[in-house]
Amino acid sequence: MNPSIVEVVNVSREVAWLPWAVQYFFLIGVSLGAFLLSLPWFVLRRPAWQRASRIALLGALTCGLTAPVALLADLHQPGRFLNFYLHPNLGSWMAWGAFFIPLYLSGLMLYSWLALRPDLKRMADAGGRGAAVYRLLAYGGHDTLAAIRAATVLALAGAALVALYTGMEVMVVSARPLWNTPFLPLQFFITAVAGAIGLVLVLDRLVGDGNAARQAPLLRLLALTQLLVLATGAAWLLVGLSGLSPRHAEALAQVAPSAAWRITAVWATGSALVTLWLAVWRPQWRLAAGLIALHSAWMMRWTVFIGGQGIPKTGAGYYSYTLPLGHDGMLGIAGTAGLWIAILILLISVLPWGDERRAQA
């Protein structure tokens, strides 16, 4: 008989997924969702979606162009991204993402140019300051719906692959039961679409004329996403409580003793319910609904990545994380937001996104 006492000591370790990763997953997800919201007007030619789709395309471009910068920052060295091409590991979802991201962004840029080329040509024909630049950007003539739809197929393929890999590269981490669930990619996609709707509602107030939600059923779509968020969360909880899946039961057992995680669950449910209430019964408060939807999409990813790493894989208790003020923390978040604002200002300076009458002048 061994008379020794075994003491379990918690271990201090650095987080592997930094706030840069949260920014990337949030921005690329919102870009995908906003791209989908641009299709009803630019591809399907639904008149009610004209304002909303123009604003959505602006959101897709700004978020899509900012997201890779956050991803490169999370890798710490740009050369690491180059290694995905020099030494590809085709068994890794992260490595596949290095091919999917350029595919999506290339398709998005081509689709955006073809969709906006008629506006560029009208502004070139109007003459005045910058006419030569608009003429160069509008090279190729008038809008060709067939070309737009061909570019849409390319962008849609890239969007689907990016949505797949961003969910799968987290889900395949079997060492963390909280991540190792098929519900996670689904929640990523639903909250990304909800965040995109929220971004359109916010940009419509800031850039447009505020009428996009009155014409397109944005609030109904937002309400639907919140119902799906609640249903997916309830399904995860039911599977964990019932014991149908040992992995879900283990994940639930890991977070259930934590007061912080219980508060997080209440917050997530409350945010979805408040957004649902605003979208259905308070349509005049659509700006508030949009801001909460954006906040929920970002916080869902923060909870999964940063909060998920606080659950020990081998130790006892929970790891604590304090957001640093430097480039790996608050400064990085602020810098990414600043880059997004700079790209937004640049794009709205080129085209009148919110008012199609001005675009046709």
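Preceding this section is the structure that the text describes.
Residues numbered from 1 in each chain as written. Predicted model: local features only at pLDDT ≥ 70, side-chain atom pairs only at ≥ 80, totals over all residues. Heavy atoms only, no water.

Visitor: Looking at this model, I keep getting lost on the overall build of the protein. Mind explaining?
Guide: When you go through the protein residue by residue, the secondary structure sums to 14 helices and 0 strands. Each helix (α) and strand (β) of the protein, taken in turn from the N terminus, gives the series α-α-α-α-α-α-α-α-α-α-α-α-α-α. Residues counted as buried form 49% of the 361 residues belonging to the protein. Put simply, 76% of the contacts in the protein that link residues at least 6 apart link residues at least 24 apart. Accessible surface for the protein amounts to roughly 17400 Å². Of this, 69% is attributable to carbon and sulfur atoms. (Helix = DSSP H or I, 4+ residues; strand = E, 2+ residues; numbered from the N terminus. Buried < 20%, exposed > 50% of the residue type's maximum accessible area, 1.4 Å probe, protein only. Contact = heavy atoms within 4.5 Å. Areas by Shrake-Rupley, 256 points an atom, 1.4 Å probe, with all protein chains shown as cover.)

Visitor: What should I look at first to understand the layout of surface pockets in this one?
Guide: Rolling a probe over the atoms, with the probe sized like a water molecule, indicates the empty space that remains. Looking at the largest pocket, its volume works out to about 950 Å³. Lining the largest pocket we find 33 residues, and of these Gln187, Gly233, Trp236, Ala265 and Ala268 sit closest to its centre. Of all the secondary-structure elements, those providing two or more residues to the lining of the largest pocket are helix H7 (183-206), helix H9 (218-242), helix H10 (246-255), helix H11 (259-281) and helix H12 (286-309). It is H11 that contributes the most residues to the lining of the largest pocket, 9 residues altogether. Its residues assigned to classes, the lining of the largest pocket comprises 21 nonpolar, 11 polar and 1 charged. (1 Å grid on protein atoms, 1.4 Å probe; cavity = no way out; pocket = protein on both sides within 12 Å on 5 of 7 lines; lining within 4 Å. Points joined across faces, edges and corners; volume = space filled by probe spheres on them. Nonpolar A, V, L, I, M, F, W, Y, C, P; charged D, E, K, R; others polar.)

Visitor: Any chance you could explain the packing of aromatic side chains here in plain terms?
Guide: By convention here, two paired aromatic rings are described through the distance between centres and the angle between planes. Applying the stated criterion across every chain yields a total of 16 aromatic pairs. Centre to centre, the rings of Trp17 and Phe305 are 5.1 Å apart; their planes meet at 40 degrees, and the pair counts as tilted. Here Trp17 is found in the segment before helix H1 (19-42), whereas its partner Phe305 is found in helix H12, with 288 residues between them in sequence. Phe305 carries the same exposure label as Trp17, and that label is buried. (Phe/Tyr/Trp six-rings, centres within 6.5 Å; stacked < 30°, edge-to-face > 60°.)

Visitor: Can you help me understand unusual backbone geometry in this one?
Guide: Glycine aside, the phi torsion of most residues is negative, and most peptide linkages are trans. The phi dihedral of Arg45 falls on the positive side, at around 60 degrees, and the residue is not glycine. Topologically, Arg45 is positioned in the loop between H1 and helix H2 (50-74).

Visitor: Teacher, can you tell me more about H11 here?
Guide: In an α-helix, one turn spans 3.6 residues; hence positions three or four apart end up facing the same way. For H11, with 23 residues, the first-to-last C-alpha span of 32 Å sits near the 33 Å given by 1.5 Å per residue. For H11, the complete set of buried residues consists of Trp261, Ser271, Ala272, Thr275, Leu276, Leu278 and Ala279. Tucked inside the fold, the buried residues of H11 contact H9, H10 and H12. A distance of 3.3 Å separates the backbone nitrogen of Ala260 from a side-chain oxygen at the start of H11, and that oxygen is part of Ser258. (Expected span 1.5 Å × (residues − 1). Polar contact = N/O pair within 3.5 Å; in protein donor to acceptor, adjacent residues only side chain to side chain.)

Visitor: Please explain the packing of H2 against helix H4 (residues 93-125) as it appears in this structure.
Guide: When two helices pack together, their arrangement is given by the angle between their axes and by how far apart the axes lie. At their nearest, the axes of H2 and H4 sit 11 Å apart, and the two run at 150 degrees to each other. The angle between H2 and H4 places the two elements in the roughly antiparallel class. The two elements H2 and H4 cross, and the hand of that crossing is left-handed. Of the residues in H4, those touching H2 at Arg54, Leu57, Ala60, Leu61, Gly64, Leu65, Pro68 and Leu71 are Ile101, Leu105, Leu108, Met109, Tyr111, Ser112, Ala115, Leu116 and Asp119. (Axes fitted to C-alpha atoms, helices over the stretch in contact; angles between N-to-C directions. Parallel < 35°, antiparallel > 145°, perpendicular 65-115°, else oblique. Left-handed = near helix turned anticlockwise from the far one by under 90°.)

Visitor: Is there a simple way to think about the nonpolar core in this case?
Guide: The nonpolar side chains of a soluble globular protein tend to be buried with one another. Tyr24, Phe35, Leu57, Tyr104, Tyr111, Leu218 and Trp353 are the most contacted members of the largest nonpolar core, which totals 102 residues. For this core, the element with the most residues is H1, which contributes 16 residues. (Core = buried A, V, L, I, M, F, W, Y, C linked by side-chain atoms within 4.5 Å.)

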